[in-house]
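The residues making up each chain are set out below.
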Amino acid sequence: MTSKKKPDYTNGEIKIDVSVTSFMLAVATFFTGFLISSYSSFNNSVRIPTFFLVISTLSFLFTNLIFANASGEIRSGNRDGANKHANAGNAISEFLGIYLLVISMPLVISAITGDILLRVAVFVVVMVSLFSYSMSPFSIIKRYITTAYLRLLYSVVLIGLGTACFITQEGDNLIYVYSSVALIAYLVLTTIFLLNPKNQ
């Protein structure tokens, strides 16, 4: 019985990954700059989405470096090292980059406008999109949590934490801060879990 070996990471894939994360880096940087420039003083309703965006921006930045360093591993003939770079870059960019960028969108909208209809519409679209992607066969989490009900549980907790942040944002209270810390911790722990060599 032969086991299927995962194909090695290639320079072509590196170019694609760097292009995608560079674009997302530009998007996250734009949102961060826009939010910061819109206020002269900050409360938690602005600080927290700004913090989310800063983490997202840094995640995309360092992911670019990880992907770029993978080319050095390929040149030196270390295919296993290149594959580890690819796995690390994908996990960091998805959970600390994309997910935080997407979740911060309704929080940014809520911080800059009092239009209830717009705020709710953006929130619903973002959460439905995030849930659908997380449950889809195209998400990275699908590679590690293959059981549908466990993936459903993971996605429900993620959406629940994002919803808690949105609902408690306007009051600028401690529940908002705790929800935000819990969300960050959830995504960081997910990333650490995926970076564990045993799960590669």
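Residues numbered from 1 in each chain as written. Predicted model: local features only at pLDDT ≥ 70, side-chain atom pairs only at ≥ 80, totals over all residues. Heavy atoms only, no water.

Things to note about the overall build of the protein chain
Each helix and strand counted, the protein chain has 7 helices and 0 strands in total. Its C-alpha atoms give the protein chain a radius of gyration of 18 Å, within 12% of the compact-globule value 16 Å for 200 residues. Projected onto its principal axes, the C-alpha coordinates of the protein chain cover approximately 60 × 40 × 25 Å. In the protein chain, the share of contacts with a sequence separation of at least 24, taken over all contacts with a separation of at least 6, comes to 72%. Total accessible area computed for the protein chain in this model is approximately 10,800 Å², and 69% of it derives from carbon and sulfur atoms. The distance from the centre of the 13 positive side-chain charges to the centre of the 9 negative ones in the protein chain is 9 Å. (Helix = DSSP H or I, 4+ residues; strand = E, 2+ residues; numbered from the N terminus. Rg over C-alpha atoms; globule rule 2.2 N^0.38 Å. Contact = heavy atoms within 4.5 Å. Areas by Shrake-Rupley, 256 points an atom, 1.4 Å probe, with all protein chains shown as cover. Lys, Arg positive; Asp, Glu negative; His and termini not counted. Charge placed at Lys NZ, Arg CZ, Asp CG, Glu CD.)

Regarding the pattern of salt bridges
When charged atoms on two side chains of opposite charge get close, those side chains can pair. According to the stated counting rule, one finds 1 salt bridge in the structure shown. Among the ionic pairs, Arg 119 bridges to Glu 170, the shortest N-O distance being 3.0 Å. With Arg 119 in helix H4 (residues 116-135) and Glu 170 in the loop between helix H6 (148-169) and helix H7 (174-195), the pair connects residues that are 51 residues apart, well separated along the chain. (Salt bridge = Lys/Arg side-chain N within 4 Å of Asp/Glu carboxyl O.)

Structural notes on the side chain of Thr 168
Within the secondary structure, Thr 168 is located in helix H6. We classify Thr 168 as buried; its relative accessible area is 13%. Engagement of the side chain of Thr 168 in a polar contact is seen with the backbone oxygen of Ala 164, the distance being 2.6 Å. Once residues lying within four places of it in the same chain are set aside, the contact partners of Thr 168 are Asn 173, Ile 175, Tyr 176 and Ser 179. (Buried < 20%, exposed > 50% of the residue type's maximum accessible area, 1.4 Å probe, protein only. Polar contact = N/O pair within 3.5 Å; in protein donor to acceptor, adjacent residues only side chain to side chain.)

A look at H7
When the terminal C-alpha atoms of H7 are compared, their 31 Å separation across 22 residues agrees well with the 32 Å that a helix rising 1.5 Å per residue should span. Three or more residues of H7 are buried, namely Tyr 176, Ser 179, Ser 180, Leu 183, Ile 184, Tyr 186, Leu 187, Thr 190, Thr 191 and Leu 194. Down the axis of H7, the sector holding all buried residues measures 150°, keeping them to one side. Turned more than 90 degrees away from the buried face of H7 sit Leu 174, Ile 175, Tyr 178, Val 181, Leu 189 and Ile 192, all of them exposed. In this fold, the buried residues of H7 make contact with helix H2 (44-75), helix H3 (79-112), helix H5 (141-144) and H6. The opening residue of H7 is Asn 173, an N-cap whose side-chain oxygen sits 3.1 Å from the backbone nitrogen of Ile 175. (Expected span 1.5 Å × (residues − 1). Arc of directions from axis to C-beta.)

Quick look at a nonpolar patch on the surface
A cluster of nonpolar side chains, contributed by Val 54, Leu 58, Leu 61, Phe 62 and Leu 65, occupies part of the molecular surface with about 410 Å² of accessible area. Of note, Leu 61 is situated in helix H2. For Leu 61, a relative accessible area of 36% translates into the label partly exposed. (Patch = residues over 30% accessible without salt bridge, like charges linked within 9 Å, V, L, I, M, F, W, Y side chains within 5 Å.)

Quick look at the side chain of Asn 64
By the secondary structure assignment, Asn 64 is in helix H2. Looking at Asn 64, the relative accessible area reads 14%, which means it is buried. Not counting the four nearest positions on each side in its chain, Asn 64 is found in contact with Asp 17, Val 18, Thr 21, Ser 22 and Leu 25.

Re the environment of Val 124
Position of Val 124 relative to the elements: it lies in helix H4. Residue Val 124 is classed as partly exposed on the basis of its relative accessible area of 41%.

Observations regarding the nonpolar core
Phe 52, Phe 95, Tyr 154, Leu 158, Leu 183 and Leu 187 are the most contacted members of the largest nonpolar core, which has 29 residues in total. When residues of this core are traced back to their parent elements, those giving at least two are H2, H3, H4, H6 and H7. A per-element tally of this core places H3 first, with 7 residues. What Tyr 154 contacts, discounting residues up to four positions off in sequence, is Phe 95, Ser 134, Ile 141, Ile 145, Tyr 186, Leu 187 and Thr 190. Within the second largest apolar cluster, 10 residues are counted, among which are Met 24, Leu 25, Ala 28 and Val 46. (Core = buried A, V, L, I, M, F, W, Y, C linked by side-chain atoms within 4.5 Å.)

Some details on the packing of H3 against H6
Interaxial distance between H3 and H6 falls to 9 Å at its minimum, and their mutual angle equals 30°. When the axis of H3 is compared with that of H6, the two are roughly parallel. Crossing geometry of H3 relative to H6 is assigned as right-handed. When H3 is examined against H6, the residues Phe 95, Tyr 99, Ile 103, Pro 106, Leu 107, Ser 110 and Ala 111 are found in contact with a partner set consisting of Tyr 154, Leu 158, Gly 162, Cys 165, Phe 166 and Gln 169. Residues belonging to the contact of H3 with H6 are distributed by class as follows: 10 nonpolar, 3 polar and no charged. (Axes fitted to C-alpha atoms, helices over the stretch in contact; angles between N-to-C directions. Parallel < 35°, antiparallel > 145°, perpendicular 65-115°, else oblique. Left-handed = near helix turned anticlockwise from the far one by under 90°. Nonpolar A, V, L, I, M, F, W, Y, C, P; charged D, E, K, R; others polar.)

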